[in-house]
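Fold and contact review
What follows is the residue order along each chain.
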Amino acid sequence: MLGNGMIQGLLVTARNLLRSYFDPECLTTIQYPEERRTLPENSRCFPFLVYDGTPDNLRCVACKICEQECPPQCIYIEVERDAKTGKPVRRPRVFDIDYSVCMQCQICAEVCPFDAIKMDQIYELSGTDRFGGMLMNKGALLKSNEYYHQMHPTEANEVDARLSQSKKKASPPAAKPAAAPITLQSAPPPRPTPSAPPSPSVPPTPPVPPKSDV
Amino acid sequence: MYNFFDQLILTLGAWVVGLVVACGNGVSKFCCGQPLSEAAAHNVAAGTEIVLICVTIYGVFALCFGLATWLERKMLARIQNRYGPNRVGPFGLFQFVADGVKMLTKEDIVPARADKLVHFLAPAVVLAPALLMFAFLPFGRNMAPTNLDTAVIAFFAVGAGSEMALFMAGWGSRNKYSILGAMRAVAQMISYEIPLVLAAVPVVMVVGSLSTSQIVAAQGADGFLDMSRWFVWTPWGFAGFILFLVAATAESNRCPFDLPEGESELVAGFHVEYSGFKFALFFMAEYIGMMAMAGLGVTLFLGGWHGPKLLPSWMWFMGKGFLIVCWLIWLRGTLPRLRVDQLMAFAWKAMLPFALFNIFTTAVWFHLPKATLLQSAVAWLVTAALVAAAYWVVSRFVCRRAGALRVYHYAS
Ligand code: SF4
Ligand code: SF4
């Protein structure tokens, strides 16, 4: 009969219309600025730099691997030099990431041998300056390991375990790599452990219940 | 008490007219030393009345337009399990004010190669018929703006004017999407005008008058039982009402007949090249035209402003019109857009024969004796059977071929 399908469709829409008033569960939208969806643990946004304890104690050694690997080339690093000798010390003087260029691919975090750069979960970024507004300098990028733990607990625990293990292994002959001068751009930086894979990529983790807050 | 509310608007109007005439008298005394002559006073009163009617209709229906956009967005949102606008004012009720301000402050863009005059005139021309249609509807007891003997014909004639406006918009923009949309609009509206008018013919036949006031008067008084005299309860009236609703949806370019502005294929059809308040005028014309159509549907089939004396007559009229608008919104939230060939086939192959047969059914009803209750029941059953048979034939033979399932050779 002509109109059968129409009546069925009308019933479906009417049911949805009424149900949305009596059963708030079926409303799929949330009232964004007031309510926020809890992000899944593995969600990621822009990269940030991890430090242990104090911001001076950052993990990055300015090896520039991430700078080279970053596909859109949005990382800019300058190595800090000793004021007296002019020799490079193992930390960045300048570490900039242009968030307006970054495509959130996580390659920098994949390639960093020191687990120094990780992915953040902030997504509320906006600015009025089109060219420099999203250029994040070292100060803005530095975030604590605790923050990292809060955000990606599983991943952070693995990273911590790996780092402490490598420290143990590396401590007997620690003097050598630490003393070895790093020449810019030429020699690859010393790996923390020869056995550890260069990429700190996290093995697939079982699904984790979403976190309560960010 | 009831009479007071029923005639509230008229009383207010009379008060304003009296005030204006008194002011005129005062001014005349001050300037010429004597009050207005009888003829002059009469002219002043008549002029004020006309202005008042216009202002009231524009004001009320502009407000209704705003509320209808809000209602539409809310209902569509709820159908899709969203909240809809809820930021401006309580329940987002003032969303339309914000939208209006936004539209007003937007840049008015005219394409460089557009036909400037036609492009400029089209939004005004499209709104005029939509507003003019209200002149022929009786809104309540003693509340018909005009009392034309040929109001129904005049209503359709004026309504047909919007086709030209849409074509002006499409042509004036010099854009292939707009011209395609305009072509579709003209084809569709002319095709559906025929079933629309034919759907109204049975009412005119039974009442024996083209005057909307008399059509309303023929549909009973204000008791609960008198509601049974609404034409929609007769088989031919019901069929006519359905036909009217479908054709009115197509006439006001609403989903599922919104091909002229089909967003997915024509961007926005005839108003692609309009921005700012000109776009808002098109929007407004669509809604106001829709409300006028709803008003005509109420007048022809739902007993006009008649209703049990619980509410003032104008509230009955507005309430019934509101229900039809809700129905149109519900339909929009449900049905996908038709294809052009389906649209045309439906108008010419399904609706036209059914509407013609409905006129025949009405003639049968008209000539069957209805003196006693039993005779009325027999007449009702006979015409109902005729309508049902016609519907079955149309859906079995005509629509089957018109909307034959397409066979996909590779996909299935
Ligand atoms: S790869 Fe890691 S350690 Fe090397 S510069 Fe980048 S963030 Fe620093
Ligand atoms: S996430 Fe990708 S694009 Fe962004 S800084 Fe890291 S490597 Fe570059």
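Residues numbered from 1 in each chain as written. Chains lettered and ligands numbered in written order. Predicted model: local features only at pLDDT ≥ 70, side-chain atom pairs only at ≥ 80, totals over all residues. Heavy atoms only, no water.

1. Let's talk about the overall build of chain B
For chain B, the helix and strand inventory stands at 15 helices and zero strands. What you see for chain B is a C-alpha radius of gyration of 24 Å, in line with the 22 Å of a compact globule of 412 residues. Principal axes of the C-alpha set define a box for chain B whose edges measure 90 × 70 × 40 Å. Burial status across chain B gives 47% buried among its 412 residues. Within chain B, residue pairs in contact and separated by at least 24 positions form 75% of the contacts whose partners lie at least 6 positions apart. (Helix = DSSP H or I, 4+ residues; strand = E, 2+ residues; numbered from the N terminus. Rg over C-alpha atoms; globule rule 2.2 N^0.38 Å. Buried < 20%, exposed > 50% of the residue type's maximum accessible area, 1.4 Å probe, protein only. Contact = heavy atoms within 4.5 Å.)

2. Observations regarding the pattern of salt bridges
Residues and elements named next belong to chain B. Applying the stated criterion across every chain yields a total of 18 salt bridges over all chains. Two residues, E72 and R254, come together in a salt bridge whose shortest N-O distance is 2.9 Å. Taken as a pair, E72 in helix α3 (residues 38–79) and R254 in the loop between α10 (235–251) and α11 (263–266) lie far apart in primary sequence, 182 residues in all. Per residue, the accessibility class of E72 equals that of R254, and both read buried. One connected set of salt bridges, linked through shared partners, spans E72, R254, E286 and R332. (Salt bridge = Lys/Arg side-chain N within 4 Å of Asp/Glu carboxyl O.)

3. Focus on the packing of aromatic side chains
This model, assessed by the stated rule, comprises 23 aromatic pairs over all chains. Measuring from ring centre to ring centre gives 5.7 Å for A:F48 and A:Y147, while their planes differ by 80 degrees; the resulting arrangement is edge-to-face. Here A:Y147 lies in helix α5 (residues 145–151) and A:F48 lies in strand β1 (residues 47–51), a separation of 99 residues in the sequence. By relative accessible area, A:F48 is classed as buried at 1%. Classification of A:Y147 as partly exposed rests on a relative accessible area of 22%. Geometrically, the ring pair formed by B:F139 and B:F317 is edge-to-face, given 5.4 Å between the ring centres and 80 degrees between the ring planes. Taken as a pair, B:F139 in the loop between α5 (116–132) and α6 (151–159) and B:F317 in helix α13 (residues 313–334) lie far apart in primary sequence, 178 residues in all. Of the two residues, B:F139 and B:F317, neither departs from the other in class, the shared state being buried. By way of ring pairs, the aromatic residues B:F61, B:F134, B:F139 and B:F317 are connected into one cluster. B:K176 extends its terminal NZ or CZ atom over the ring of B:Y177, reaching a point 5.5 Å from the ring centre. Sitting above the plane of the B:W230 ring, B:K320 keeps its charged end 3.9 Å from the centroid. (Phe/Tyr/Trp six-rings, centres within 6.5 Å; stacked < 30°, edge-to-face > 60°. Lys NZ or Arg CZ within 6 Å of the ring centre and 35° of its normal.)

4. Overview of the side chain of B:K320
Structurally, the position occupied by B:K320 is in helix α13. B:K320 sits in the buried class, given a relative accessible area of 5%.

5. Some points on the site of ligand 2
A:C70, A:C102, A:C105, A:Q106 and A:C108 are the nearest of the 14 residues found near ligand 2. Residue composition of the shell around ligand 2, grouped by class: 12 nonpolar, two polar and no charged. (Near = heavy atom within 4 Å. Nonpolar A, V, L, I, M, F, W, Y, C, P; charged D, E, K, R; others polar.)

6. Considerations on unusual backbone geometry
All names here are of chain A. One non-glycine residue with positive phi stands out, namely Q104, at about 60 degrees. Mapped onto the secondary structure, Q104 falls in the loop between β3 (88–98) and α3 (107–111). Of note, Q106 is a non-glycine position whose phi angle comes to about 70 degrees, a positive value. Within the element layout of this structure, Q106 appears in the loop between β3 and α3.

7. Brief notes about the interface of chain A and chain B
Taken together, the contact pairs 20 residues of chain A with 20 residues of chain B. Taking both sides of the interface into account, the surface hidden between chain A and chain B amounts to around 1,800 Å²; carbon and sulfur atoms contribute 63%. The tally of links between chain A and chain B comes to one salt bridge. Here A:E34 and B:R87 are joined by a salt bridge, their closest N and O atoms 3.2 Å apart. Our count for the chain A to chain B interface comes out at nine residue pairs in polar contact (both at pLDDT 80 or more). Grouping the constituent residues of the side of chain A that touches chain B by class yields 10 nonpolar, eight polar and two charged. (Buried area = accessible area lost by both parts, 1.4 Å probe. Polar contact = N/O pair within 3.5 Å; in protein donor to acceptor, adjacent residues only side chain to side chain.)

8. Looking at the sheet that holds strand β6 (residues 142–144) of chain A
Residue and element names in this part refer to chain A. Judged by pairing direction, the sheet is mixed, and its three strands sit side by side in the order β4-β1-β6 without closing on themselves. Looking at strand neighbours, the two that pair on one side only are β4 (117–119) and β6, the edges of this open sheet. Taken pair by pair, the neighbouring strands of this sheet meet at an average axis angle of 55 degrees, ignoring direction. (Pairing = 2+ DSSP bridges. Axes fitted to C-alpha atoms, helices over the stretch in contact; angles between N-to-C directions.)

9. Concerning the site of ligand 1
Taken together, 13 residues form the shell around ligand 1, and within it A:C60, A:C63, A:K64, A:C66 and A:C112 come nearest. Across the shell around ligand 1, the residue classes tally to 12 nonpolar, no polar and one charged.

10. Brief notes about the domain arrangement of chain B
How big an interface is tends to be stated in terms of the accessible area lost upon association of its parts. Residues and elements named next belong to chain B. Per the domain assignment, the segments making up chain B are domain 1 (1–105) and domain 2 (111–398). Measuring from the centre of the C-alpha atoms in domain 1 to the corresponding centre in domain 2 gives 25 Å. Contacts between the two partners involve 24 residues from domain 1 and, on the opposite side, 29 residues from domain 2. Of the roughly 2,600 Å² buried between domain 1 and domain 2, counting both surfaces, carbon and sulfur atoms make up 78%. Summed over the shared surface of domain 1 and domain 2, the number is two salt bridges. Of the charged contacts in the structure, one is a salt bridge between R332 and E72, with a shortest N-O distance of 2.7 Å. Here domain 1 is connected to domain 2 by four residue pairs in polar contact (both at pLDDT 80 or more). For the side of domain 1 that touches domain 2, the secondary structure elements donating two or more residues are α1 (2–6), α2 (8–32), α3 and α4 (95–105). The leading source of residues in the side of domain 1 that touches domain 2 is α3, at 15 residues. (Domains from an automatic or database assignment.)

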